[in-house]
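Listed here are the chains, written in short residue letters.
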Amino acid sequence: MSDLNEFDRRKLIKQLFDSGQYSRPSEAAKYLEQFNIGRRTVYDWWKRLESGESIERKSGSGQTQRKLNPKKVRQIVKLASEKRKSQRKIASKFDIDHSYVHRLVKNQGLKYYKKVLAPKSTPEQKMRQEERLSLLVADEFKPNGKKDIVFDDESYFLVHDARNAQKFYVAKKRLEADENSRFKYQKKFEKKVLVWIAISKKGCSEPYFAPSNLAIKSSTYIEHCIEKRLVPFLEKNYPKGRYIFWPDLAAAHYANDTVSRMDELGINYLPKFKNPPNVPQLRPIERFWANLKTKVYEDEWSATSIKQLERRIKMKIKEFDIEDFTRLCEHARSKIAEAAARSPLSVIN
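All figures in this text were calculated on a predicted structure; none of them were measured in a lab.

Colleague: So, unusual backbone geometry: which residues are in play, and what are the values?
Modeller: The backbone of Asp95 sits at a positive phi, close to 55 degrees, despite the residue not being glycine. Backbone geometry places Glu300, a non-glycine residue, at a positive phi of 60 degrees. Exposure remark for Glu300: the relative accessible area of 41% places this residue in the partly exposed category.

Colleague: Please give an account of the packing of helix α1 (residues 6–19) against helix α3 (residues 39–50) that cites residues and values.
Modeller: Packed helices, taken two at a time, are described by the angle between their axes plus the distance between the axes. Two elements in contact, α1 and α3, have axes separated by 10 Å at closest approach and are oriented at 55 degrees. By the angle between their directions, the pair α1 and α3 is classed as oblique. As α1 runs across α3, the sense of the crossing is right-handed. Counting all contacts with α1, which are made through Glu6, Arg9, Arg10, Ile13, Lys14, Leu16 and Phe17, the residues of α3 involved are Val42, Trp45, Trp46, Leu49 and Glu50. Residues that form the contact of α1 with α3 fall into these classes: seven nonpolar, no polar and five charged.

Colleague: Mind laying out the pairing of strand β2 (residues 192–200), listing which residues take part and the relevant values?
Modeller: Of all nine residues making up β2, eight are buried, and the element is well covered by its neighbours. Where β2 meets strand β4 (residues 208–210), three bridges bridge the pair, whose relative direction is antiparallel. If you follow Trp196 over to β4, its bridge partner there is Tyr208. In the sheet, β2 pairs with strand β3 (residues 203–204) via two bridges, with the strands oriented antiparallel. The partner of Ser200 across the bridge, within β3, is Gly203. Adjacent in sequence and paired antiparallel, β2 and β3 are bridged by two residues.

Colleague: Report on a positive patch on the surface, specifying residues and quantitative values.
Modeller: A surface patch of like charges, here positive, comprises Lys78, Lys83, Lys85, Lys89 and Lys93. Turning to its location among the elements, Lys78 is positioned in helix α4 (residues 70–81).

Colleague: With reference to specific residues and values, describe the packing of α4 against helix α5 (residues 87–94).
Modeller: Packing of α4 against α5 leaves a shortest axis separation of 10 Å and a crossing angle of 150 degrees. In terms of their interaxial angle, α4 and α5 are classed as roughly antiparallel. Seen along the crossing, α4 lies across α5 with a hand that is right-handed. Residues Lys72, Gln75, Ile76, Leu79 and Ala80 of α4 touch α5, and the partners they reach there are Ile90, Lys93 and Phe94.

Colleague: Before we move on, could you go through the side chain of Gln281 and cite the residues and values that matter?
Modeller: Of note, Gln281 is situated in the loop between α10 (256–265) and α11 (285–296). Among the residues examined, Gln281 registers a relative accessible area of 13% and is labelled buried. Setting aside anything within four residues of it in sequence, one finds Gln281 in contact with Pro119, Arg287, Lys335, Pro344, Leu345, Val347 and Ile348.

Colleague: Which residues make up the pattern of salt bridges, and what values do they have?
Modeller: For the coordinates displayed, the defined rule picks out 16 salt bridges. For Asp139, the salt bridge identified is with Lys274, shortest N-O distance 3.0 Å. Of this pair, Asp139 sits in the loop between α7 (123–138) and β1 (148–158) while Lys274 sits in the loop between α10 and α11, and the two are 135 residues apart along the sequence. Judged by relative accessible area, which is 41%, Asp139 ranks as partly exposed. Judged by its relative accessible area of 10%, Lys274 falls in the buried class. Here Lys295 ties to Glu319 by a salt bridge, and the two come within 3.5 Å at their closest N and O atoms. Highlighted residues: Lys295 in helix α11 and Glu319 in the loop between α12 (306–317) and α13 (322–329), separated in sequence by 24 residues. Accessibility expressed as a relative area gives 38% for Glu319, which makes it partly exposed.

Rules used in this analysis
- Residues numbered from 1 in each chain as written.
- Predicted model: local features only at pLDDT ≥ 70, side-chain atom pairs only at ≥ 80, totals over all residues.
- Heavy atoms only, no water.
- Buried < 20%, exposed > 50% of the residue type's maximum accessible area, 1.4 Å probe, protein only.
- Axes fitted to C-alpha atoms, helices over the stretch in contact; angles between N-to-C directions.
- Helix = DSSP H or I, 4+ residues; strand = E, 2+ residues; numbered from the N terminus.
- Parallel < 35°, antiparallel > 145°, perpendicular 65-115°, else oblique.
- Left-handed = near helix turned anticlockwise from the far one by under 90°.
- Contact = heavy atoms within 4.5 Å.
- Nonpolar A, V, L, I, M, F, W, Y, C, P; charged D, E, K, R; others polar.
- Pairing = 2+ DSSP bridges.
- Patch = residues over 30% accessible without salt bridge, like charges linked within 9 Å, V, L, I, M, F, W, Y side chains within 5 Å.
- Areas by Shrake-Rupley, 256 points an atom, 1.4 Å probe, with all protein chains shown as cover.
- Salt bridge = Lys/Arg side-chain N within 4 Å of Asp/Glu carboxyl O.
- Lys, Arg positive; Asp, Glu negative; His and termini not counted.
- Charge placed at Lys NZ, Arg CZ, Asp CG, Glu CD.

See below:
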């Protein structure tokens, strides 16, 4: 149905109000959707009618109507699409409302999108990504492959993570609030713990907590991660060996003694020469870390000690069920195939 002009919209809303057909503005708004009258407009004018006010436009009210010539319209579209200027900056430059800028851009079939964080790769890394992804989709990670992919990784957890603190507070004046409300505190060298874990669509291994401020060396990785945690996880969930282990490219993961030990244990791992660098978007374990940290630090929780933080992490890991891991990993192969066919960044929404 065609749009009504403003006079007809006001007239129709007043007629509905006077008729008593609708007792609530929400009911009237639902009916008026067919005339492309926004809910907010209906609510505002209905409220004015209920208070006995007129909804007739007063003479001289509203913004002065302005129509831009085609040249300025092209300039605005160019600023938005090529120069990436915001709607408000463009509106200020041409002395128009930002909603008018939005309409002009929309009429050209364009939309504003929010930038998404993505890993930045060097030219050498991009070349290796392309080569290795092509190898993977032709062999280990075929789109219709039947073997599950097992991922492992490490991530740091802070005793107190200021990034998860509440971002706003309410006060009449800024300085009237107490210091705990006004500031998010963060130490220069915050205590942290390094956590290792392996996941697949069938669940996760037991986590390993590395000693404070220490990176995981190959000997530690072999004993505490591979032998004590990864192997039991694989034996429990993949007794017939229908899996492929995809470690990240940390030095300890492909050290000579690590590779020798994985060979001795019969672990079916992805060879280093096929492992694409810097593609966290293809590894669902990265989303697992993000989800886990959200759970650990929810409601501005913070630990008073490393041990308390470790207990909290273990407790929150148990909140993940098989369905969570299935959802995390179910599209791994299709994303790898898409990255190989288009580009590694194409899978980022």
